[in-house]
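Reading the structure
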2 protein chains.
Amino acid sequence: MSVEVQAKAGKTRLRLWLKLLKTSNAVETALRDRLRTEFGTTLPRFDVMAALARSPEGLKMSELSRRLRVSNGNVTGIVDRLEVEGHAERHAVAGDRRAMEVRLTGKGRAHFDTLATAHEAWVNELMGAITEAEAARIMEDLDSVARDLEEKR
Amino acid sequence: MSVEVQAKAGKTRLRLWLKLLKTSNAVETALRDRLRTEFGTTLPRFDVMAALARSPEGLKMSELSRRLRVSNGNVTGIVDRLEVEGHAERHAVAGDRRAMEVRLTGKGRAHFDTLATAHEAWVNELMGAITEAEAARIMEDLDSVARDLEEKR
DNA sequence: CAAAGATATTTTAAGCTTGAAATGAATCGG
DNA sequence: CCGATTCATTTCAAGCTTAAAATATCTTTG
């Protein structure tokens, strides 16, 4: 590839990145707004609840942190707040006094079901401009970026 | 479209959103890491400097806030820190004692040039898995989402 | 001109986020 | 068994972010 063509591809990727960032920020902001105004909650709390909903047996703090790719200290704070709300509970882990298992409460599960339904509808509304065929194609491209990034880690 | 096909397209869009979010978070985290470890700065400061670099005559606080789509209070804090570092300066605006014009200092401009060069190379490295043709196509799709979101605002 | 409304910015309170340090507990090698 | 290391979690300090309230100034209108 010539130097000129390389430079052009570079500028195109930079533009793509800026647009990708702008679009995902716009969608994310809309979701945060709606979670806040319609349900008085936040995206981080929703994310933690979603992870817990997929593991009814409970998850250790470190496992939650690993799955959501956020720091341990971050999970501590979010679970603290979910506990205050009565949506999650910490339980001692038999055989390891260092660890804590976190579970949704009944109230938390019911609340999450409501949130998840609304969330899926919102995403569909916000991303309505993309057809299924386009979605599949973009996902493939993003997958190749994600795989690349995974390797670098 | 049948109910079944609609539901399927809905699930595909949700998956696309989750992948979009994951990928852009991964790229953004890599960029934040490198700005921090290699230059001791942050993405918000980089973003403000980038906006200021494009307007050498200076920008008012409110204009900065509007362009970056962040709150006024947020800009106050970031500009405070850039000022402490000696990378930006606030100036009174002739004819409006409420307003402040912000500009990069000479030091700030030199610093930003270094950052911007590194930033562009990083984005190219991180998004290297995407060819120019794919990039162009994805940008079109994202544009349609962004336009849609613009209208909803 | 004075009151009312609009505009520019800062302040405040609350939450999210991180990396690093601290704590307490488990495990491992000798 | 004991000292060293590793592991799970929390605490801490700093920065980013927002919405809402507070300030100060400008503009419009009666």
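Residues numbered from 1 in each chain as written. Chains lettered and ligands numbered in written order. Predicted model: local features only at pLDDT ≥ 70, side-chain atom pairs only at ≥ 80, totals over all residues. Heavy atoms only, no water.

Remarks on the protein's contact with DNA strand C
Around DNA strand C sit 25 residues, and of these Arg 81 of chain A together with Ser 62, Asn 72, Arg 98 and Met 100 of chain B come closest. Each atom of DNA strand C within 4 Å of the protein was assigned to sugar, phosphate or base; sugar and phosphate come to 77%. Contacts to DNA strand C include Asn 74 of chain A, whose side-chain N or O atom sits 3.1 Å from a sugar or linking oxygen. Note that a phosphate oxygen of DNA strand C is positioned 2.9 Å from one of the side-chain N or O atoms of Thr 76 of chain B. Going through the elements one at a time, helix H2 (43-53), helix H4 (72-85) and strand S3 (96-104) of chain A together with helix H1 (3-39), helix H3 (61-68), helix H4 (72-85) and strand S3 (96-104) of chain B are the ones with two or more residues in the surface near DNA strand C. Top element by residues in the surface near DNA strand C is H4 of chain A. It accounts for four residues. Within the surface near DNA strand C, the residues separate by chemical class into six nonpolar, eight polar and 11 charged. (Near = heavy atom within 4 Å. Polar contact = N/O pair within 3.5 Å; in protein donor to acceptor, adjacent residues only side chain to side chain. Helix = DSSP H or I, 4+ residues; strand = E, 2+ residues; numbered from the N terminus. Nonpolar A, V, L, I, M, F, W, Y, C, P; charged D, E, K, R; others polar.)

Thoughts on the sheet that holds strand S1 (residues 59-60) of chain B
Residue and element names in this part refer to chain B. Overall, antiparallel pairing links the three strands, which are arranged S1-S3-S2 in an open sheet. Taken across any chain shown, the strands that pair with only one partner, and hence form the sheet edges, are S1 and strand S2 (88-93). The sheet contact formed by S2 and S3 spans six bridges and is antiparallel. Following the sheet pairing, Glu 89 is matched in S3 by Arg 103. Running over the sheet, H4 touches S2 and S3 and is turned about 115° from S2. (Pairing = 2+ DSSP bridges. Contact = heavy atoms within 4.5 Å. Axes fitted to C-alpha atoms, helices over the stretch in contact; angles between N-to-C directions.)

Thoughts on the protein's contact with DNA strand D
By nearness alone, 24 residues border DNA strand D, and Ser 62, Asn 72 and Met 100 of chain A together with Arg 81 and Arg 97 of chain B come closest of all. The sugar-phosphate backbone supplies 77% of the atoms of DNA strand D found within 4 Å of the protein. At 2.8 Å from a phosphate oxygen of DNA strand D is found a side-chain nitrogen or oxygen belonging to Arg 97 of chain B. With four residues, the single largest contributor to the surface near DNA strand D is H4 of chain B.

Structural notes on the interface of chain B and chain A
Counting residues at the interface gives 47 residues for chain B, matched by 47 residues for chain A. Carbon and sulfur atoms make up 68% of the surface buried where chain B meets chain A, a total of about 5,200 Å² over both sides. A per-residue breakdown of the area chain B buries against chain A is headed by Arg 13, Trp 17 and Met 139 of chain B, which together make up 14% of the total. Applying the counting criterion to the chain B and chain A interface returns four salt bridges. Between Glu 120 of chain A and Lys 11 of chain B there is a salt bridge, and its shortest N-O distance comes to 3.2 Å. Here chain B is connected to chain A by 13 residue pairs in polar contact (both at pLDDT 80 or more). Mapped onto the side of chain B that touches chain A, the elements with two or more residues apiece are H1, helix H5 (106-126) and helix H6 (132-152) of chain B. Broken down by element, the residue count for the side of chain B that touches chain A peaks at 21 residues, all from H1 of chain B. (Buried area = accessible area lost by both parts, 1.4 Å probe. Salt bridge = Lys/Arg side-chain N within 4 Å of Asp/Glu carboxyl O.)

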